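Structural characterization, general
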Amino acid sequence: MDPLEYWQKQHQKYLAYGWITKPTIFAKQIIKFLPKNGKIIELGAGQGQDSRFFSKHNYQVTSTDFTQSAIDISQKRSKDLKINYKNIDLSRPLPFGDSSFEIVYSHLSLHYFDNIFTNKLFDEIYRILKNGGILATLVNTINDPEVSESKKIEEEYFLSPVGIKKRFFSLESFHELIDKKYEIIILDENGETYKDRIKNLIRFVGKKI
């Protein structure tokens, strides 16, 4: 399935659920580890509940997503907030200068690429993050029940039953990805969401070194 078409349909479905308008569990858990202010970019913000959460806590927020319809929904819900919106495809280089942000944040949006491109994406994130800045992300775990229902493409990379390619990290493979680039603040499998009620997603918070 075409990823853009898939996400357009998903965001229409999400409108029926109350959790789509409130901050995620992960955002509320990790805000205490962030600098008290500064520029934060959310990659794959969807309908923007976390972008609004951070904006209300006085961060300068850039909210990005692949799906323009999701951005449109987010903008309508944040008319009283100063949020910069951008339509960005994470499969392309990020359109920001080096050291542009104090914080890079992502909730379940960095696990859709093969091994080669995943490394390139994390290199891009490292590039736009200021020295001493924070990366906070929640990603799929290899222990997700969906793995058993999916077709393996490469190690930890699968084609899901609905036709979307997804990466499912182990703690070891994620550690290899960020090793020697970040001082680890959190790296565990205690992440959860309102949507799926999975309680073993990989949480990462780290400081750029």
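Up top is the structure.
Conventions we followed
Residues numbered from 1 in each chain as written. Predicted model: local features only at pLDDT ≥ 70, side-chain atom pairs only at ≥ 80, totals over all residues. Heavy atoms only, no water. Pairing = 2+ DSSP bridges. Helix = DSSP H or I, 4+ residues; strand = E, 2+ residues; numbered from the N terminus. Axes fitted to C-alpha atoms, helices over the stretch in contact; angles between N-to-C directions. Salt bridge = Lys/Arg side-chain N within 4 Å of Asp/Glu carboxyl O. Buried < 20%, exposed > 50% of the residue type's maximum accessible area, 1.4 Å probe, protein only. Core = buried A, V, L, I, M, F, W, Y, C linked by side-chain atoms within 4.5 Å. Contact = heavy atoms within 4.5 Å.

1. Here we look at the sheet that holds strand 10 (residues 201–208)
The strand order 3-2-1-4-5-10-9 describes an open sheet built from 7 strands, whose pairing is mixed. In this open sheet, the two strands that pair with only one neighbour each are strand 3 (83–87) and strand 9 (182–191). Each strand of the sheet is rotated relative to its neighbour by a mean of 15°, with strand direction disregarded. Relative to strand 10, strand 9 runs antiparallel, the two sharing 7 bridges. For Tyr 182, the partnering residue across the bridge sits in strand 10 and is Lys 208.

2. What to know about the pairing of strand 6 (residues 151–154)
In terms of strand pairing, strand 6 meets strand 7 (residues 157–159) through 3 bridges, oriented antiparallel. Looking across to strand 7, one finds that Glu 154 is bridged to Tyr 157. Taking the residues that link successive antiparallel strands as the turn, the strand 6-strand 7 hairpin has 2 residues, and the phi of Glu 156 there is positive, at about 65°.

3. Here's the deal with the pattern of salt bridges
Evaluated as defined, the whole model comprises 11 salt bridges. Of the charged contacts in the structure, one is a salt bridge between Arg 92 and Asp 89, with a shortest N-O distance of 4.0 Å. By relative accessible area, which is 24% here, Asp 89 ends up partly exposed. Among the ionic pairs, Arg 127 bridges to Glu 124, the shortest N-O distance being 3.0 Å.

4. With respect to the sheet that holds strand 8 (residues 165–167)
Strands pair in a sheet through their backbones, by hydrogen bonds, and they do so in one of two ways: parallel or antiparallel. Spatial ordering of the open sheet is given by 6-7-8, a layout of 3 strands whose pairing is antiparallel. Each edge of the open sheet carries a strand with a single partner, namely strand 6 and strand 8. Across the sheet, the axes of successive neighbouring strands diverge by a mean angle of 35°, strand direction being ignored.

5. What about the nonpolar core?
Ranked by size, the top nonpolar core spans 32 residues in total, and within it Ile 125 and Phe 174 carry the most contacts. Mapped by element, the contributors of at least two residues to this core are helix 1 (3–14), strand 1 (39–43), strand 4 (101–107), helix 5 (115–128), strand 5 (129–139), helix 6 (171–178) and strand 10. Broken down by element, the residue count for this core peaks at 5 residues, all from helix 5. Apart from the residues lying within four places of it in its own chain, the contact partners of Ile 125 are Leu 43, Leu 94, Val 104, Leu 110, Leu 135 and Tyr 182. Ala 27, Phe 54, Ile 134 and Leu 201 belong to the second largest nonpolar core, which has 23 residues in total.

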